[in-house]
Amino acid sequence: MSAPEMSFDLEALMARTVARAEHGRLLAPPNPWVGSLIVTTDGTTFEGNTQRPGDLHAEKHAIASAGERTDLLRGATLFTTLEPCNHHGRTPPCTEAIIDAGIGRVVIALEDPDPQVAGTGSARLREAGIDVVIGPGAELAEAQLAPYLHHRRTGRPYVVLKLAGTLDGRTAAPDGTSQWITGEEARLDAHRLRAESDAILVGAGTVRADDPALTVRNVLASDGQPPRPPLRVVLGSEESVPAEAKIRPCREMSGDLDHVLEELGADGVVQLMIEGGAGVAGSFHRAGLVDRHVLYLAPALMGGDDGLPLFSGPGAVTIGDVFRSKIDRLVKLGNDVRIDLVRSDQVRREEA
């Protein structure tokens with residue numbers, strides 16, 4: 001089961017594999033959204049990505065895309081953004097499918113921190129005589145799989161705090177009106193952010209004041225079907241959600257925020273999106289529990305200090321206490337701007 005000499009650009013091919021993984025972003029959760037690319041000895045390529053839970057993983061999807069041309073797979077090189085699984089879950093191990101296909105070399109961007117995998121996938125492939133290379137494209141794959149990796153390493157969901165406001169930091173006018181601060185493109189992007197999340201959390205006050213539905217609208221997965229609807233979570237006292245609220249059915253939670261995250265993580269929530277209100281946003285922010293701040297800013301100004309702010313509650317007392325981060329993404333959406341902030345210590349915090 002020998003593979004040809006590596007005469008191609010591993011980083012470039014892994015970048016293509018990472019791009020393919022995006023096809024599975026709205027399909028795979030709570031499984032990781034993985035991409036796979038097979039390059040045969042004659043240069044033919046086959047691609048795959050993780051399908052919906054219970055269906056094909058990325059490696060098997062790429063193998064299946066060869067159809068009846070399975071002879072081309074012998075001695076081929078398979079690229080994958082995450083270590084192939086080596087255990088029986090809803091589907092048999094991907095390692096066995098790779099071995100059975102006669103693949104000669106497997107290039108893996110990242111080892112899977114999931115305890116059920118954690119190096120056993122690459123070890124099984126090596127035992128079968130397959131050449132295994134780990135590391136090409138690791139930075140790209142790490143960024144793409146950040147929520148999954150965070151969940152597996154910490155047991156908690158990756159927390160995304162979504163905020164929308166004017167350039168002077170106001171989310172609503174003094175009379176409470178806020179629709180619509182941002183334009184249609186920004187709102188559609190926010191719906192995709194909802195679709196990427198396993199759960200959406202708001203405070204009970206927001207439910208009583210705005211009666212949000214928190215559903216995903218106008219977003220389809222790569223198979224043309226709607227994504228799995230996220231769990232809707234309300235943070236507040238028991239029975240704080242009116243019986244007729246649009247958000248029902250929902251999960252009501254209360255208590256220590258660390259406990260809330262631990263409970264949601266244990267229940268398989270990989271990414272948690274916080275939508276409001278200002279009190280809940282401030283609480284998670286001050287506790288240092290936000291992994292990614294996503295701000296949608298409209299080219300508008302309230303022009304005073306009586307509009308509702310992005311956060312409520314005490315802020316930094318001195319300039320030395322100001323929250324510092326780095327801009328991970330900056331994109332224009334119609335007339336609005338989306339800015340993603342990630343903690344500058346995030347990688348070190350997860351590895352600690």
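What you see is a predicted model, and the numbers here were worked out from it, not measured in a lab. (Residues numbered from 1 in each chain as written. Predicted model: local features only at pLDDT ≥ 70, side-chain atom pairs only at ≥ 80, totals over all residues. Heavy atoms only, no water.)

Asks: Which parts of the structure should I look at to understand the overall build of the protein chain?
Replies: In terms of helices and strands, the protein chain carries 11 helices and 15 strands. In terms of principal-axis extent, the alpha carbons of the protein chain reach across some 70 × 40 × 40 Å. Looking at the protein chain as a whole, 48% of its 352 residues are labelled buried. If you take every contact in the protein chain between residues at least 6 apart in sequence, the share linking residues at least 24 apart comes to 73%. Here the protein chain has roughly 16,300 Å² of accessible surface; of this, 50% comes from carbon and sulfur atoms. (Helix = DSSP H or I, 4+ residues; strand = E, 2+ residues; numbered from the N terminus. Buried < 20%, exposed > 50% of the residue type's maximum accessible area, 1.4 Å probe, protein only. Contact = heavy atoms within 4.5 Å. Areas by Shrake-Rupley, 256 points an atom, 1.4 Å probe, with all protein chains shown as cover.)

Asks: Looking at this model, I keep getting lost on the packing of aromatic side chains. Mind explaining?
Replies: Between two aromatic rings, the relevant description is the distance of the centres plus the angle of the planes. Under the definition given, this model contains zero aromatic pairs. Positioned over the ring face of W33 is R25, at 3.7 Å from the centre of the ring. Directly above the ring of W180 sits R187, whose terminal nitrogen or CZ lies 4.3 Å from the centroid. (Phe/Tyr/Trp six-rings, centres within 6.5 Å; stacked < 30°, edge-to-face > 60°. Lys NZ or Arg CZ within 6 Å of the ring centre and 35° of its normal.)

Asks: How should I be thinking about the pairing of strand β9 (residues 231-235) in this particular structure?
Replies: Side-chain direction in a regular strand flips from residue to residue, so the side chains alternate between the two faces of the sheet. The element β9 is extensively covered by neighbouring structure, given that four of its five residues are classed as buried. Sheet topology places strand β8 (residues 199-203) next to β9; five bridges connect them, and they run parallel. Paired with A199 across the bridge in β9 is L231. A crossover connection joins β8 to the parallel β9 through helix α8 (residues 204-210); in handedness this β-α-β unit is right-handed. Bridge count for β9 against strand β10 (residues 251-253) is three bridges, and the pairing is parallel. Residue V234 lies in a different strand from β10, and its bridge partner there is E252. (Pairing = 2+ DSSP bridges. Right-handed = clockwise from strand over helix to strand, strands pointing away.)

Asks: Help me out: how do you make sense of the sheet that holds strand β3 (residues 77-82) in this one?
Replies: A sheet is described by the order of its strands in space; here five strands give the open sequence β2-β1-β3-β4-β5, paired in mixed fashion. The sheet terminates laterally at β2 (45-49) and β5 (131-134), the two strands that pair on one side only. Within the sheet, the average angular offset between the axes of one strand and its neighbour, ignoring direction, is 15 degrees. Along the sheet, helix α1 (residues 10-21) makes contact with β1 (35-39), β2, β3 and β4 (105-110), crossing β3 at roughly 55 degrees. (Axes fitted to C-alpha atoms, helices over the stretch in contact; angles between N-to-C directions.)

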